[in-house]
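So you can see what is in the structure, the chains are spelled out below.
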Amino acid sequence: MTTHLVDEARAGEVTLSGVSRIYGKNYAVRDLDLHVNAGEFISLLGPSGCGKTTTLRMIGGFEYPDTGSISIAAKHVEALPPHKRPVNTVFQAYALFPHLSVAQNVAYGLRYQKTPKNEVRERVAEALQMVRMGTFAERMPAQLSGGQQQRIALARALVNRPAVLLLDEPMSALDRKLREEMQIELKLLQQQLGTTFVFVTHDQEEAMTMSDRIAVMNSGRLEQIGPPSAVYDDPSSAYVAGFIGQQNFFTGTLSGGPGAWTVEVPGGTLVSSREPAGSPVAGAPAEVAVRPEHVRISETPSGDRNEIRSTLMSVSQLGSALQIVTITPDGLKIMARSPRSVDVPTTPGADVYCSWPADAVHVFPTPTAPTESE
């Protein structure tokens, strides 16, 4: 491991250009272009097999790209081994040495570099203080909880002062409450240090909570990248719309034109004031996405064009909100989410009307099946 100060000019910039990783005939990552700004917290988000961990491993030097280039601080590193890159990695398994104390675990990388003993002591104490584990220096890993072990793994990576910290689903083994607490602490720590964090997760709530930007991956490709609000409010594809948050999806036929696109779906005609994604063609099959929080439930028709008659099936408590599920006569499930302060029908079996504004309707071309060459 090598020491790199985080305040070096452009130290934390990461750029992948045309990067592909191929196993046999299968692409784990295909033609990926990605730029990470210095000091940014970026999350690579997607389901298992989408290429996010392979991308992280190529940045860290644990995998090598078959094509393309990777640079850190404007220097090409794609052919360098991990210990010669200005990065450190926190893995899903914390991999603490069970026979070494907390302080010895954190100091391991520094001792490997033959750092002077006085400096080792100072930097280990500083790193433990960063993660609020200063009083645990003499404990053994077996004496720590899962959350405490995660903090030590972070301290062990941060003590080397990497330009870039890579995190591969490090909180997946924690229970929900502890995971939520650690999300806040990790983001605050990143802001305090100014270190570039590249975080891999399949948990969209985790990515939304911590990230400056989210890179949504799909089948080895970058599907969309942007701030959490942009990815949530303006998904670029049906895939992103469905992966980030919950959606009501409808399938139908596109018609109309700019400012008043319509999609004929079972049970009615849906109107969108948004421009459809891609290159819209009247008469083509399309998918419509409407988030549950935009759906209004009433016992009487509102007269809105975006309105479908349904039967109320269930109402669930979600803390400060109610989740309402209805079924249309055509068997289509529609989900609504409403603040508890809003008066809505709650009797299962009741006839209700689901409606939503035109600017809440996202229209996407129906995805085509990939060819064998893809």
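Residues numbered from 1 in each chain as written. Predicted model: local features only at pLDDT ≥ 70, side-chain atom pairs only at ≥ 80, totals over all residues. Heavy atoms only, no water.

Peer 1: Report on the pairing of strand β3 (residues 41-45), specifying residues and quantitative values.
Peer 2: Taken across its five residues, β3 has five buried, putting it largely inside the fold. In this structure, β3 lies alongside strand β9 (residues 213-218), joined through four bridges in parallel fashion. Each bridged residue has a counterpart across the sheet, and for leucine 44 the counterpart in β9 is alanine 215. (Buried < 20%, exposed > 50% of the residue type's maximum accessible area, 1.4 Å probe, protein only. Helix = DSSP H or I, 4+ residues; strand = E, 2+ residues; numbered from the N terminus. Pairing = 2+ DSSP bridges.)

Peer 1: Tell me about unusual backbone geometry, and name the residues and values.
Peer 2: We note that aspartate 31 has phi near 50°; this positive angle belongs to a residue other than glycine. Residue position: aspartate 31 is located in strand β2 (residues 26-36). Even without being a glycine, serine 219 presents a positive backbone phi close to 50°. Structurally, serine 219 can be placed in the loop between β9 and β10 (221-226).

Peer 1: Would you mind going over the UniProt feature "domain: ABC transporter" (unreviewed entry) in the protein in detail, with residue names and values included?
Peer 2: The feature "domain: ABC transporter" (unreviewed entry), as annotated in UniProt, sits at residues 14-244 in this numbering. Structurally, residues 14-244 comprises 36% helix and 26% strand, and the distance from its first C-alpha atom to its last is 25 Å. (UniProt positions renumbered as here; feature names shortened; annotations may be inferred.)

Peer 1: So what's going on with the sheet that holds strand β12 (residues 260-265)? Which residues, and what values?
Peer 2: Taken in spatial order, the five strands of this open sheet run β13-β12-β11-β14-β20, and their pairing is antiparallel. In this open sheet, the two edge strands, each paired with only one partner strand, are β13 (268-272) and β20 (362-365). Averaged over all pairs of adjacent strands, the angle between strand axes in this sheet comes to 40°, irrespective of strand direction. Taken together, the four bridges between strand β14 (residues 285-290) and β20 define a ladder with antiparallel strand orientation. Each bridged residue has a counterpart across the sheet, and for valine 288 the counterpart in β20 is valine 363. (Axes fitted to C-alpha atoms, helices over the stretch in contact; angles between N-to-C directions.)

Peer 1: Go over the nonpolar core, please, and point to the residues and values.
Peer 2: Grouped together as the largest cluster of nonpolar side chains are 35 residues, with contacts concentrated most on Val106, Val124, Leu128, Ile152, Leu165, Leu167 and Leu186. Considering each element in turn, this core owes the most residues, six residues, to helix α4 (residues 146-158). Aside from chain neighbours lying at most four places away, what touches leucine 167 is Leu56, Val90, Leu154, Leu186, Phe197, Val198, Phe199 and Val200. Membership of the second largest hydrophobic core comes to 25 residues, among which are Val36, Leu56, Ile70 and Ala215. (Core = buried A, V, L, I, M, F, W, Y, C linked by side-chain atoms within 4.5 Å. Contact = heavy atoms within 4.5 Å.)

Peer 1: Quick rundown of the sheet that holds strand β17 (residues 321-327)? Include the residues and the values.
Peer 2: Pairing between the strands of a sheet comes from backbone hydrogen bonds, and it takes one of two forms, parallel or antiparallel. The strand order across the open sheet built from five strands is β15-β19-β16-β17-β18, with neighbouring strands paired in antiparallel fashion. For this open sheet the edge positions go to β15 (296-298) and β18 (333-339), each flanked by a neighbour on one side alone. Across the sheet, the mean angle from the axis of one strand to that of its neighbour is 45°, orientation sign disregarded. With five bridges connecting them, strand β16 (residues 307-318) and strand β19 (residues 351-355) associate as antiparallel partners. Each bridged residue has a counterpart across the sheet, and for arginine 309 the counterpart in β19 is tyrosine 353.

Peer 1: How would you sum up helix α3 (residues 117-130)? Please name residues and give values.
Peer 2: End to end, α3 covers 20 Å across 14 residues, agreeing with the expected 20 Å (1.5 Å per residue, within 8%). Along α3, the residues that are buried comprise Val120, Arg123, Val124, Ala127 and Leu128. Considered in projection along α3, the buried side chains sweep an arc of 135° and stay on one side of the axis. Turned more than 90 degrees from where α3 packs its buried face, Arg121, Glu122 and Gln129 sit exposed. (Expected span 1.5 Å × (residues − 1). Arc of directions from axis to C-beta.)

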